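Spelled out, the chains give:
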Amino acid sequence: MIRIVVGGQMDKDRVAEIIKKLGGDKVSVKIQTDIQAAMAIKTNQADYYFGACNTGGGGALAMAIALLGMPLCATVSMPGNIRSESEIIKEIENGKKAFGFTPQHAEQVIPIILNKIIK
Amino acid sequence: MTYIIIALIGAFASILANKGVAVFNDGLRPIVPEYLEGRMSKKALAATSFALGFGLVIGFGIPVSVAANIILIHSILLGTDIIGTWSPDGKKGMIISGVIGAIYGVGLVVGLKFVVDLFSMLPVNFLPQLAMVSIPIVAAFAAFPALVVAYQYGVKNGIITLTISFLVRQIVQYYGKFKIGSAEVALNPEGMALLVGMIIMIIYAVREKADPNAQSVDLVSLFSDRVKRIKKNVPYLAIMGGLIAAGTSMLIIAGDPISLNLLSKGKSAEAALTALARGIGFVPLVATTAIATGVYGPAGMTFVFVVGILIKNPILAFSVGAIVITLEVLLLDVIAKFLDKFPGMKNCGDNIRTAMSKILEVALLIGGMMAANAMAPGLGLFIVIGMYTLNKVSKKPIVDMAVGPVGAIFVGVLINILYVVGLYLPTVIK
């Protein structure tokens, strides 16, 4: 079971819904505030952090970057630009634990990340 | 005067970004300390700021600005973020970023005016129709508090809020005019509906109690050095906030698409209320990112826009704007404690931002369709809907919110081309 927290900051219900639908019983999903969610990763109470906001990095990742450090965080989509599947997979292979994207791209990027981490 | 203010805003914002004092893009803010503290190279910082900002300037800021002829602040401050991070460090960087920033600001005003003038000289003038983009926003902006309540406390409570807002709106429309002495007072239906909706929204939010078992993180003490850094920079931030308030009071710039469109229709009371609501939505985001990063935003929590809208005298707006942003910074610790105590308010802030983008997305899309359809009946709808759906599957999509305005502008240009080659006859020449 992979433990996922949805932290920052927009459209959290929808992001959690997409993760649940795709992950089924392989994942547990918890919606928290961005601060709590980042702390959950830090204290090893959760494995991965997902967050959406209009820039893909501000509200989505600010707390994660501040609390976990940049090396654990990746912006996978931003306004006008979605990173390619291979780039996203590479980020996961490099050990990133927190992912930020824009709500508009949630449907595109979440499956890529989930497929990789529940493998 | 317009040029001086806009040049000052551009120059100052670029310098603040260059020094890492304040950046506008919330996505860039967490990355700035990574650079300042030596974990990231200048090149990577510059590349990130460009990637995060450029799409929004071109795909969102500029189209929305053209449609209403007021500059959306994103167009300026996302640009100055890029200028500031691309310029070198030190004194030289300060001068370079200041000069380029000033040119950029003036360039935007001149460029916008040029585009609008150019459009009005085209054989088929579509500017009057383009202004229709804002019709749905002006009518529907009062719905967003209901959506915030629905996100947070379920659809049922959302419907209750929407119903109360609706009742207030109708009652005010018919009974909202009365005389005090000889002066006639007319309450605005949408404005009052919004006000009531916001009050309900806040009542719901403050009733939510903090979960005693939740892990709490004392941000302020965890990041005390960074908070100190922001407070040290208060004088610069005050000038920046003052300039933005002055620019807003002169109707050169606006802080968000909703108040921008309301302002372009001369509805300043409603614009001020919307800007206030948006400010509340940005308090948690700006406060927490600022505390955790030591970097502030040039527009702060965006309350300076409310100041600018309400105070018509630019000099007075400047002073009040400077005071407001100073208070924001000095009260950062208090705000953080308050947010801890009322978790409902923090969620409310997040939901306000989600709700405003949802409403804008629909309203600007329909507005874009109405405008396009007025320019070219049938064809306009065909093109805007086609663009919206295709954009959904694009790998490099423009922001959903911008498809409406971009589509309408595109149709306007297209009918001119069609007219020239003889495939389109204007329908509304009377």
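Rules used in this analysis
- Residues numbered from 1 in each chain as written.
- Chains lettered and ligands numbered in written order.
- Predicted model: local features only at pLDDT ≥ 70, side-chain atom pairs only at ≥ 80, totals over all residues.
- Contact = placed C-beta atoms within 7 Å.
- Helix = DSSP H or I, 4+ residues; strand = E, 2+ residues; numbered from the N terminus.
- Nonpolar A, V, L, I, M, F, W, Y, C, P; charged D, E, K, R; others polar.
- Domains from an automatic or database assignment.
- Buried ≥ 20, exposed ≤ 12 C-beta atoms within 10 Å, placed from the backbone.
- pLDDT = per-residue confidence, 0-100.
- Axes fitted to C-alpha atoms, helices over the stretch in contact; angles between N-to-C directions.
- Parallel < 35°, antiparallel > 145°, perpendicular 65-115°, else oblique.
- Left-handed = near helix turned anticlockwise from the far one by under 90°.

**Q** Teacher, can you tell me more about the interface of chain B and chain A here?
**A** With 35 residues of chain B in contact, the opposing surface of chain A contributes 26 residues. If you list the elements that add at least two residues to the side of chain B that touches chain A, you get α3 (42-68), α14 (268-293) and α18 (343-375) of chain B. In the side of chain B that touches chain A, the residues fall into 15 nonpolar, 10 polar and 10 charged.

**Q** Just to check I follow, could you spell out the domain arrangement of chain B for this structure?
**A** Put simply, an interface is often sized by how much accessible area is lost when its parts join up. All names here are of chain B. What the domain assignment lists for chain B is domain 1 (2-124 + 214-341) and domain 2 (127-208 + 344-420). Using C-alpha coordinates to define each centre, domain 1 is positioned 23 Å away from domain 2. The interface of domain 1 with domain 2 comprises 33 residues on the first partner and 35 residues on the second. Broken down by secondary-structure element, the contributors of at least two residues to the side of domain 1 that touches domain 2 are α3, α5 (90-121), α13 (257-264) and α14. At 11 residues, α14 tops the list of elements feeding residues into the side of domain 1 that touches domain 2.

**Q** Looking at this model, I keep getting lost on unusual backbone geometry. Mind explaining?
**A** As a rule of thumb, non-glycine residues mostly have phi less than zero, and peptide bonds are mostly trans rather than cis. Positive phi outside glycine occurs at D11 of chain A, with the angle close to 55°. Note on D11 of chain A: 25 C-beta atoms within 10 Å, which makes it buried. Unlike most non-glycine residues, T302 of chain B shows phi in positive territory, near 75°. Exposure remark for T302 of chain B: the 25 C-beta atoms within 10 Å place this residue in the buried category.

**Q** For this particular structure, what's the right way to read the confidence of the model for chain B?
**A** The predicted structure's coordinates, where accompanied by low pLDDT, should not be read in detail. Scored by pLDDT, chain B comes out at a mean of 88, with 96% of its residues at no less than 70. For this predicted complex, the interface score ipTM comes out at 0.77, alongside a pTM of 0.85.

**Q** I tried to follow the packing of α14 of chain B against α18 of chain B on my own but got confused; where do I start?
**A** All names here are of chain B. With their axes 7 Å apart at the nearest point, α14 and α18 run at an angle of 125° to one another. One finds that α14 runs oblique with respect to α18. Note on packing geometry: the crossing formed by α14 with α18 is left-handed. Of α18, the residues touching α14 (which contributes A277, R278, I280, G281, V283, P284 and L285) are K346, G349, D350, I352, R353 and M356. The class makeup of the residues in the contact of α14 with α18 is seven nonpolar, two polar and four charged.

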